[in-house]
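Chain by chain, the residues:
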Amino acid sequence: MKCIGKSVLIFLCIFSLFSLTIYSPSTAMAAKAIPGSMAEKVPKVNAAFDVNKMGNMSDFDPSNPIIPTGDTIKIAVVWPFSGPGALNGEIAWIGFAWVAHDINKRGGIWVDGKKKLIEMIKADSMSKPDQAKKICERMVLQEKVNILVGTSGSNIQKIINETGATHKVLTVNIGSLADELNDATNFSRYNFMSSDSTEQIGRAMAYFYGQIRKKEKKFYILCQDYSFGHGLAEGFKTGLKEYYPEAQIVGEDYHKLFLTDFAPYLTKIKASGAEVIYTGDWTPDAGNLLKQSRQTGIMTPFANIFMDEPIMLHEVGVEGTKGLMHIDHYNMPNMFKNPGYVKYYSIWHKLWETKWKTAPFNSTLFAHGTGTIGSWTQQIYWMLSVVERAKSTDPEKVIKVWEGDTYKFVNGRIIKMRACDHKAIQDFEIAEYVTPEQQKVYFSIPPYHWFTGASGPGPAWLVPAAKALPWIDQKLERCADKNGWGE
Amino acid sequence: MKNKIINWFLWVGLIVIVAIIPKVFGAYYVSLIVTFAVFAVLSVSLNVLLGFTGLLSFGHAMFFGAGGYGTALALKHIAGLSLLSSVGIGVLSASVLALVLCPLVVRVSGTAFAMLHLAFAQLMYVLALKLRGITGGEDGIGNFPIPPFTIPGVVSFNMKGVPENFYYFAMIVLGLSVWLMWFFTKTPFGQIQVGIRDNAKRIDYLGFKVSHTKAVVYVVSAAFAGVAGSVYAIFHNLVSADGSLGVLVSFQPIINTMIGGVGSFFGPIWGTAIFQILEEIIVRFTDRVELVIGVTLILVIMFAPQGLAGWITTLKQRFFSASSHKLEKIS
Amino acid sequence: MDATTSMYVAQGIHGLAYGMVLFLIASGLNVIFGMMGILNLAHGAFFMLSAYFCYSVLNLTGNFWLALLLAPLFTAFFGIILERFFLRKMHAMGHMGELIMTLGVSLVILAAVKIFWGTENLPVKMPPILEGMVSLGGLEYPVYRLFIIGLAGVVLAIMTLLLYKTRLGKIVRAAVSDREMVNALGINIPVVFMVVFGVGTWMAGVAGVVIAPILTVFPGLADQVGMDAFLVVITGGFGSLLGAVIVSIIFGLLSSYGVQFLSQLAPVVMVGFMALVLAIRPSGLFGVKE
């Protein structure tokens, strides 16, 4: 009898061990990719970022980047570097300087029968269309750059794209999200929109609330009054119809850019009984909106895309930032469980802690290199990877490689260039902001939180790419009769 | 007589230089020169108003913008519109705006005139931003079709994508504008204006309606600002609130006029050239554009308040004219 | 109060608070123009500069009240330097000279701000005592906005007393109408003007500190509010303190009720009102005809 008992016990032990191995989270994850996600749709990518091939970054200083000259691959960084929008230029610049430093340390890229270094050239758009046109033409005609990359602001990106199309120079859009940039009227073969786009973001957010979270039902839309804000709002409305028909939009407003007083809007929102405020505002509007809402005693969560600027989050504090729902075009759930990414992250974060002592790069804004900074940096890596594989800076050869190309970012995000209209397909992450103690679920490496003074991403969900494919303009001949995957 | 011949030679020389620039310098400088010409016309139009009526406008951008939006809207919505008529529509919309404002502005002068224009330009700016359906809001109107320049049955020049062709078109239109304004100031009518500026009462006694003549100059000035705006819109294939109605667009011609010299007809053209060259140099060497331009403005206004023209005269007096120097000493 | 009423009342107080911020900036501009005839385009830049000073003082001492005291004084100091060494020479050249000088100065201030503080968005925390809400007959309203209204009221009272009850005020008012005469009486006009300019920039400075906790301190702050202040002065009439107060409040109310009822056209309502006033009275609501 005793013997039987023992053997049963042993059997149970073995069984439980066995079952544990089978159902351990890691195997479960590896076993099934989320239906419709990039991991499922693109089992094998054409190229991936390999952290082990990175050059030595220890002497990288964004304030004094080493810029090679001579016979180089010239890339114009078209961003505002002066005027009120200069911060955006600095955010872009650190990414460009970082990538150039890395690639140059590796010895450059083999193009047109020769190994060439990367030369990044600042092209100050001052956020003004006429200045942008001037500077783009100078870059193309005088500096003879190979690629023009932009920018914050769809009106400026439009000018970059047009200049590229006129002079047959490659242009890349990594920062402007307006869908109309690549519609039937504005599409140019020479332009690649490797950024995400507005309708996609809006629909992904709607999918999340309707199909994943299934909690709040009353939404208020408050966006900036220009094509980007309207685009995000339209996308969200389309998405709600599609994925969340029982949801209700209790109000919809568009405020002017750089608004001073949000209080009247907030009072209206409060009276509407909204459970979630959906906003596409970027700083400073995003910060002022959040700040003034908390000051006015309105604690409604914001579903946002750019309300992630850490300085502003710190000012509002842990309590006020709790519950924000942030959609991210770079971060991925479980990215801190990916050793390659942790290595990459640590290089960046350590440099920030120890090396970058001059403003603005010493600010908390640059501490993690995630979010928009991460997205821009990886898009530049992707662009150069395409050039490397095309073995040429000749636009025609680059276009050939990039159309339909797939690439894996350092944090595991897979991105695909839709061939017909040059727009990027990718998954999205939506994360709920929680107090620093609860951030361990996301930030799974020491110190187990993003910041101590503000809430940050905790639980995170993946919206599969298939549910939020970029808008496709059927009027564009190249896209006629193509589905969302461009097939 | 000799002077006249030399003048003729200079003019012919200038036209030849303008004509061969695209061949020699290439597309980039062609764009620079078109921008220069646009702002030179805008500055001269402001200076015509200022120099011949003493009225300083802080909102000349609204006519520039009206021209731009007029042309852009016309090209976008009217199919088969010819290039010249699209410019005409721009000029017309600027003139109509000026006519609407006329009864108002002939009542005021001096500071009130300046500020009234600042206010109305701001009104136009806000309207352009808010009426998204018409003006495209913050994004403006872009990518509208640009018709070729055609003389029916004779010749047709493609404008879109051929910077050279557009350059010639722009230079002819803008050059003609400057010449017309110059001609305008030389007519007896223009001379009456100078009289009004100096002594309005006297002119009134001579039997001229002061307010009427003021209004005519006002509309003429607005119309030419409209020409500049219209050409600028076609040049960029884009018209935007910030780029054509913003407050800096209003201040730019004032700065140009001041740098070049208020007193003379050609001063603003020089001023535009100097400012553009300056900007062109600065952006190549530093990110601190605001600092350099700010300091330059302060220095100019402190040490060369009469502008370039005044400065050169002073220099001449100091170094070349010994006799005047002596006279000064004696006195 | 039921929900709807309290919403309308809240919008009214929002309008008043925003109007008072506008008033603080506009009145400084108005004092400088009304008393000295100078168009100060750098006014918005001074307003921004003060917000930056506020950030620095707050960072060093942690005391908001000290920042409220010091930052406007620093700002006024720079204002006085501008008047004494730069603007005074411009007077002979009329508005064109002033325009270019003050435009130049505002660009230099913008550049200086970027050099010393960088381009990031800097936070300014409000003092704990002004945080939170207070109940006004059932309506929960943020204390800080009431504080803005109160402070602007105090500044208005000081201005009125200074102008109409003191010797300095008399001199200033006399100097505006007849400079030669006052000069002949042995009063040092340049010094009086310097003081007036200082007071004007001080008021911009107060506005800069007051607004810092509800907005972001960044290099675009001057453009964000500066133009509205100019429109207040133009609509209210140059040199009229009463005009500035009334138009500020009207602008504030129009913008908050505009959002409530005509959301898409809110900014247009404001400029529309301005256009209407100027069409009837080109020199402003309370402006003196030239």
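Per-chain numbering applies: the sequence of each chain, read as written, is numbered from 1 onward. The lettering of chains begins at A and the numbering of ligands begins at 1, in the order of writing. This being a predicted model, a pLDDT of at least 70 is required before a residue's local features are given, and a value of 80 or more before pairs of side-chain atoms are given or counted; all residues contribute to the totals for chains, interfaces and linings. Hydrogens and waters are ignored; side-chain quantities use all the structure's heavy atoms.

1. A closer look at the overall build of chain C
Note the following rule: Helix and strand assignments come from DSSP, with helices taken as H or I runs of at least 4 residues and strands as E runs of at least 2, each series counted from the N terminus. Any pair of residues with heavy atoms lying within 4.5 Å of one another is described as a contacting pair. Each accessible area is a Shrake-Rupley estimate made with a 1.4 Å probe; only the visible protein chains count as cover when residues are assessed. The charge count includes Lys and Arg as positive and Asp and Glu as negative, but it does not include His or the ends of the chains. A single reference atom marks each charge: NZ on Lys, CZ on Arg, CG on Asp, CD on Glu.
Within chain C, the secondary structure is distributed over 11 helices and 2 strands. Ordered by position from N to C terminus, the α and β elements of chain C give α-α-α-α-β-β-α-α-α-α-α-α-α. Projected onto its principal axes, the C-alpha coordinates of chain C cover approximately 65 × 50 × 35 Å. Relative to all contacts within chain C whose residues are 6 or more apart in sequence, the contacts with residues 24 or more apart total 74%. In the form shown here, chain C has an accessible surface area of approximately 10,700 Å², with 71% of it arising from carbon and sulfur atoms. Mean positive and mean negative side-chain charge positions of chain C (13 and 11 charges, respectively) differ by 11 Å.

2. Here's the deal with the pattern of salt bridges
Residue and element names in this part refer to chain A. Here is the rule: A carboxyl oxygen of Asp or Glu within 4 Å of a side-chain nitrogen of Lys or Arg is what we treat as a salt bridge. When a residue's accessible area, from a 1.4 Å probe over protein chains only, is under 20% of the maximum for its type it is buried; when over 50% it is exposed; and in between it is partly exposed.
Under the counting rule described, the total for this entry stands at 29 salt bridges over all chains. With its nearest N and O atoms 2.7 Å apart, the salt bridge here joins Glu396 to Arg189. A residue pair is termed long-range when its members are at least 10 positions apart, and Glu396 in helix H14 (residues 395-402) and Arg189 in the loop between strand E7 (170-173) and strand E8 (191-193) qualify at 207 residues. Using a relative accessible area of 33% as the deciding quantity, one classes Arg189 as partly exposed. We note a salt bridge from Glu487 to Lys416, for which the minimum N-O separation is 3.4 Å. Here Lys416 lies in strand E15 (residues 414-418) and Glu487 lies in the segment after strand E18 (456-463), a separation of 71 residues in the sequence. Overall, Glu487 belongs to the exposed group, its relative accessible area being 56%.

3. As for the sheet that holds strand E11 (residues 276-279) of chain A
All names here are of chain A. Convention followed: The rule for pairing is simple: two strands pair if DSSP sees at least two bridges between them. For helices, the fitted line uses only the C-alpha atoms of the stretch in contact; every axis is such a line through C-alpha atoms, and the angle between N-to-C directions lies from 0 to 180 degrees.
The sheet built from 7 strands is open, its strands ordered E10-E9-E11-E12-E13-E17-E18 with mixed pairing. Across the chains shown, the open sheet's two edge strands, defined by having one partner strand only, are strand E10 (248-255) and E18. On average, each strand axis in the sheet is tilted by 20 degrees relative to the strand beside it, whichever way the strands run. One ladder, built from 3 bridges, connects E11 with strand E12 (residues 302-304); its direction is parallel. What sits directly across from Thr279, in E12, is Asn304.

4. With respect to the interface of chain C and chain A
Selection criterion: The term buried area refers to how much accessible surface (probe radius 1.4 Å) is lost by two components on association, counted for both of them together.
Contacts between chain C and chain A engage 32 residues on the former and 32 residues on the latter. Carbon and sulfur atoms make up 55% of the surface buried where chain C meets chain A, a total of about 3,000 Å² over both sides. Across the chain C-chain A interface, the total number found is 1 salt bridge. For Arg145 of chain C, the salt bridge goes to Asp261 of chain A, with nearest N and O atoms at 2.9 Å.

5. Observations regarding the layout of surface pockets
Gaps left between atoms are located by rolling a probe of water-molecule size over the structure's atoms. Residue and element names in this part refer to chain B. Cut-off, in case you're wondering: Here a cavity means grid points, on a 1 Å grid over the protein atoms only, where a 1.4 Å probe fits yet cannot get out; a pocket means an open set of points with protein on both sides within 12 Å along at least five of seven lines; lining residues are those with an atom within 4 Å of a point. Grid points are joined across faces, edges and corners, and a volume is the space filled by probe spheres set on the points. When residues are grouped by polarity, Ala, Val, Leu, Ile, Met, Phe, Trp, Tyr, Cys and Pro land in nonpolar, Asp, Glu, Lys and Arg in charged, and all others, Gly among them, in polar.
Put simply, the largest pocket is a space of about 1,400 Å³. Taken together, 30 residues line the largest pocket, and the ones lying closest to its centre are Leu14, Val18, Phe36, Met171 and Ile269. For the lining of the largest pocket, the secondary-structure elements that each account for two or more residues are helix H1 (2-25), helix H2 (27-53), helix H7 (163-186) and helix H13 (267-285). Broken down by element, the residue count for the lining of the largest pocket peaks at 9 residues, all from H7. Among the residues making up the lining of the largest pocket, the classes are represented as 27 nonpolar, 2 polar and 1 charged.

6. Quick notes on the domain arrangement of chain A
Residues and elements named next belong to chain A. What counts, and what does not: As annotated, the domain borders come from an automatic or database domain assignment. Any pair of N or O atoms that falls within 3.5 Å is considered a polar contact. Within protein, one atom must be able to donate a hydrogen and the other to accept it, and sequence-neighbouring residues count only if both atoms are side-chain atoms.
In terms of domains, chain A is made up of domain 1 (47-196 + 369-426 + 472-479) and domain 2 (199-328 + 428-463). A separation of 29 Å is found between the C-alpha centroids of domain 1 and domain 2. Carbon and sulfur atoms supply 51% of the area that domain 1 and domain 2 bury against each other, a total of about 980 Å² over both sides. For the pair domain 1 and domain 2, the number of links is 0 salt bridges. If you look at where domain 1 meets domain 2, you find 3 residue pairs in polar contact (both at pLDDT 80 or more). Counting residues per element, the ones that place at least two in the side of domain 1 that touches domain 2 are helix H13 (371-390) and strand E16 (423-426). When residues of the side of domain 1 that touches domain 2 are assigned to their parent elements, the largest contribution, 3 residues, is made by E16. When grouped by side-chain class, the residues that make up the side of domain 1 that touches domain 2 number 4 nonpolar, 5 polar and 4 charged.

7. Overview of helix H9 (residues 221-236) of chain C
What counts, and what does not: Helix span, expected: 1.5 Å multiplied by one less than the number of residues in the helix.
Over its 16 residues, H9 of chain C extends 23 Å from the first C-alpha to the last, a length consistent with the 22 Å expected when each residue adds 1.5 Å. Once H9 of chain C ends, the next one or two residues include Gly237 of chain C, with phi positive near 105 degrees.

8. Some words on empty space enclosed by the protein
All names here are of chain C. Following the criterion strictly, the structure yields 9 cavities of 30 Å³ or more and no others. Approximately 120 Å³ is the volume attributed to the second largest cavity. Along its surface, the second largest cavity is lined by Val31, Met35, Met159, Leu162, Leu163, Leu168, Gly169, Val172, Val195, Val196 and Val199. Residue assignment for the lining of the second largest cavity shows that the elements contributing at least two residues are helix H1 (3-36), helix H5 (143-165), helix H6 (167-177) and helix H8 (189-211). Residues belonging to the lining of the second largest cavity are distributed by class as follows: 10 nonpolar, 1 polar and no charged.

9. Here we look at the interface of chain B and chain C
Taken residue by residue, the interface counts 37 residues in chain B and 40 residues in chain C. Approximately 3,500 Å² of surface area, both sides summed, lies buried where chain B meets chain C, with 84% of it carried by carbon and sulfur atoms. Considering only the surface of chain B that becomes buried against chain C, Met115, Lys130 and Glu290 of chain B emerge as the three largest contributors, covering 16% of it. Inspection of the region where chain B meets chain C yields 1 salt bridge. At the junction of chain B with chain C, the criterion picks out 3 residue pairs in polar contact (both at pLDDT 80 or more). At the level of secondary structure, the elements contributing two or more residues to the side of chain B that touches chain C comprise helix H5 (110-130), helix H12 (247-260) and helix H14 (289-303) of chain B.

10. What to know about the nonpolar core
Convention followed: Among the buried residues, those of types Ala, Val, Leu, Ile, Met, Phe, Trp, Tyr and Cys that are joined through side-chain atoms within 4.5 Å form a nonpolar core.
Judged by nonpolar contacts, the single largest core of 213 residues is most densely connected at Val38, Phe58, Phe63, Phe120, Phe166 and Tyr218 of chain B together with Tyr144 of chain C. Per-element tally for this core: the top contributor is H1 of chain C, with 17 residues. Apart from the residues within four sequence positions on either side, Tyr218 of chain B is in contact with Leu49, Phe63, Ala98, Leu101, Cys102, Val105, Phe113 and His117 of chain B.

11. Digging into the packing of aromatic side chains
Using the following cut-off: Any two rings among Phe, Tyr and Trp, with Trp reduced to its six-membered ring, count as a pair given centres within 6.5 Å; such a pair is stacked if its planes are under 30 degrees apart, edge-to-face if over 60, and tilted if neither.
Considering all chains together, one arrives at 65 aromatic pairs over all chains under this definition. Each ring, one from Phe219 of chain A and one from Tyr244 of chain A, has its centre 6.2 Å from the other, and the planes form 75 degrees; the classification is edge-to-face. Residue Phe219 of chain A is found in strand E9 (residues 218-224), and its partner Tyr244 of chain A is found in the loop between helix H8 (227-243) and E10; the two are separated by 25 residues along the sequence. Side by side, Phe219 of chain A and Tyr244 of chain A carry an identical accessibility label, which is buried. A ring pair is formed by Phe33 of chain C and Phe238 of chain C, whose centres lie 3.9 Å apart and whose planes are at 50 degrees; its orientation type is tilted.

12. Some points on the side chain of Thr171 of chain A
Of note, Thr171 of chain A is situated in strand E7. The class of Thr171 of chain A is buried, set by a relative accessible area of 0%.

13. Some remarks on unusual backbone geometry
Residues and elements named next belong to chain A. Note the cis peptide between Thr283 and Pro284, where omega equals 0 degrees. With respect to the helices and strands, Pro284 occurs in the loop between E11 and helix H10 (285-295). A positive phi is found at Asp112, a non-glycine position, where the angle reads about 45 degrees. Looking at the secondary structure, you find Asp112 in the loop between strand E3 (109-111) and strand E4 (114-116). Under the relative-accessibility criterion, Asp112 is labelled partly exposed at 41%. Positioned with a positive phi, Met126 is a non-glycine residue whose angle comes to about 55 degrees. Examined against the element boundaries, Met126 turns out to sit in the loop between strand E5 (118-124) and helix H5 (129-141). You can call Met126 buried: its relative accessible area is 11%.

14. Considering the environment of Gly110 of chain B
Looking at where Gly110 of chain B falls in the secondary structure, it is placed in helix H5. Taking the C-alpha atoms as reference, Gly110 of chain B lies 15 Å from Asn199 of chain B; in sequence the two are 89 residues apart.

15. Describing the environment of Ser263 of chain C
Note that Ser263 of chain C resides in the loop between helix H10 (241-261) and helix H11 (266-280). A sequence separation of 237 residues divides Ser263 of chain C from Ala26 of chain C, and the C-alpha atoms of the two residues are 25 Å apart. Ignoring anything within four residues of it in the chain, the contact list for Ser263 of chain C reads Asp253, Tyr265 and Lys268 of chain A together with Gly258 of chain C.

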